[in-house]
Amino acid sequence: MIHLLRRLLLLPATVILLAAGTTGCYDRAAAPSTEPAAPPPATTTIGELQRLFTGETFVVESDVVVRGRVTSSDRAGNFYRTLVLEADGTAVEVMAGIDGLHNIYPEGCEVTVRLQGLALGQSYGVLQIGREPAPGSGYPTDYIGSRAALDQHLVRGDRKQILAPQLRTIDELTPGMAGCLIRVDGLHYTPEEPDEPATWSGYKRFSDDKGGEIETYTRLYADFADAAIPSGEAVLVGILQCTTQTDGSIRYILKMRDETDCWY
């Protein structure tokens, strides 16, 4: 099965150019129908996509379909035009490219994604689905870019079920959890510089009682970017990201959805 999926998903670079005709016509697509569409059956899982991804962006040329539930929200502005889906402890980020995603795909709703014509990439350890990036862009994927284009690839289900975050300690985190909604208890804010502003904006370091470290990341334009980080022991919830350091160690980051993802 894995070998069959690999043959379907991975094609030579010369064939990738065939997807350009598909992605280039999205903005001219007809207006989305007001009638709910029946989701197609999933042909594989998010976890299987992760196992097949080799680290280089590629365009999916076959009829591959995955399904997951929304765990992110762009309501507070810390997620910008992206949607995170999770299923069975694995996750993928959809580079939607439009605002107000929390109104269209609220947290907990089921979303089915048709990948044919879209690209798979990876950023901060998180598998991404989006358009093929322009040559030299420096990004692993590009935004899908319009509601009409999203309706060609995404189908929202009727049932809604909020997923609880996975409770983990820092030393239990692995790169395979990147993109998942994670909860870490028993943390204290430990600024890297004595004069560091104690607000959420940017990267902020937190430590546990074992000396483990994890950071939060908040966009400058997020609603809570200038809010003060409370003192005391904290519980943090967020979408997990990670990067590999020059010494081979893994740096873990939690991207909160809003200020309520920090509990004291």
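Reference entry: report on the structure contained in this document. Since the model is a prediction, treat every value here as computed from it, not as a measurement.

1. Some words on the overall build of the protein
So, step 1. What the protein contains, in helices and strands, is six helices and 15 strands.
So, step 2. Out of the 264 residues in the protein, the part that is buried amounts to 48%.
So, step 3. Intrachain contacts of the protein at a sequence separation of at least 6 include 67% that bridge at least 24 residues.
So, step 4. Of the roughly 13,000 Å² of accessible surface on the protein, 51% is carried by carbon and sulfur atoms.

2. Looking at empty space enclosed by the protein
So, step 1. Throughout the structure, instances matching the rule amount to one cavity of 30 Å³ or more.
So, step 2. Counted as a void, the largest cavity has a volume near 40 Å³.
So, step 3. Lining the largest cavity are Phe79, Val84, Glu93, Val126, Ile239, Gln241 and Lys255.
So, step 4. Among the residues making up the lining of the largest cavity, the classes are represented as four nonpolar, one polar and two charged.

3. Quick look at the packing of aromatic side chains
So, step 1. On inspection of all chains with the given rule, the structure shows four aromatic pairs.
So, step 2. Taking the centre distance of 5.7 Å and the plane angle of 45° together, the rings of tyrosine 189 and phenylalanine 206 count as tilted. One end of the pair, tyrosine 189, is in strand S10 (residues 181-189); the other, phenylalanine 206, is in strand S11 (residues 202-207), with 17 residues separating them in the sequence. Each member of the pair, tyrosine 189 as well as phenylalanine 206, is classed as buried.

4. Comments concerning the nonpolar core
So, step 1. Counting residues in hydrophobic clusters, the biggest one holds 33 residues, and the most contacted among them are Ile182, Trp200, Phe206, Ile214, Leu236 and Leu240.
So, step 2. Counting residues per element, the ones that place at least two in this core are S10, strand S13 (234-244) and strand S14 (250-255).

5. Some thoughts on the layout of surface pockets
So, step 1. Taken as a whole, the largest pocket holds about 490 Å³ of empty space.
So, step 2. If you trace the largest pocket, you find 18 residues lining it, with Met95, Ser123, Gln128, Tyr143 and Lys255 closest to the centre.
So, step 3. When its residues are assigned to classes, the lining of the largest pocket shows nine nonpolar, five polar and four charged.

6. Remarks on the pattern of salt bridges
So, step 1. Under the criterion given, the structure shown has eleven salt bridges.
So, step 2. Here arginine 147 makes a salt bridge to aspartate 151, at a shortest N to O gap of 3.3 Å. Separated by four residues within a single helix, arginine 147 and aspartate 151 lie in helix H6 (residues 147-153), roughly one turn from each other.
So, step 3. Take arginine 147: its relative accessible area is 38%, and that puts it in the partly exposed class.

Cut-offs used in this document
- Numbering of residues starts from 1 in each chain and follows the order in which that chain's sequence is written.
- At least 70 in pLDDT is required for a residue's local features to be given in this predicted model, at least 80 for side-chain atom pairs to be given and counted, and no such filter applies to totals for whole chains, interfaces and linings, which use all residues.
- Each side-chain value is derived from all of the structure's non-hydrogen atoms; neither hydrogens nor water enter the calculation.
- Each helix is a run of H or I in the DSSP string that is no shorter than four residues. Each strand is a run of E no shorter than two, and both are numbered from the N terminus.
- Note on classification: 1.4 Å probe, protein chains only; a residue is buried when its accessible area is under 20% of the maximum for its type, exposed when over 50%, partly exposed between these limits.
- In this description, contact between two residues means that some pair of their heavy atoms is separated by no more than 4.5 Å.
- Only the protein chains shown count as cover for residues, and the accessible areas themselves come from Shrake-Rupley with a 1.4 Å probe.
- Using a 1 Å grid laid over the protein atoms alone, points where a 1.4 Å probe fits but cannot get out form a cavity; open sets with protein on both sides within 12 Å along at least 5 of 7 lines form a pocket; any residue with an atom within 4 Å of a point counts as lining.
- Grid points are joined across faces, edges and corners, and a volume is the space filled by probe spheres set on the points.
- Each residue gets one label: Ala, Val, Leu, Ile, Met, Phe, Trp, Tyr, Cys and Pro are nonpolar, Asp, Glu, Lys and Arg are charged, and the others, such as Gly, are polar.
- For this analysis, a ring pair means two rings from Phe, Tyr or Trp (six-membered ring only for Trp) whose centres lie within 6.5 Å, classed as stacked if their planes differ by under 30 degrees, edge-to-face if by over 60, and tilted for the remaining angles.
- Among buried residues, those of type Ala, Val, Leu, Ile, Met, Phe, Trp, Tyr and Cys that are joined through side-chain atoms within 4.5 Å constitute a nonpolar core.
- Should a side-chain nitrogen of Lys or Arg be within 4 Å of a carboxyl oxygen of Asp or Glu, the pair is scored as a salt bridge.

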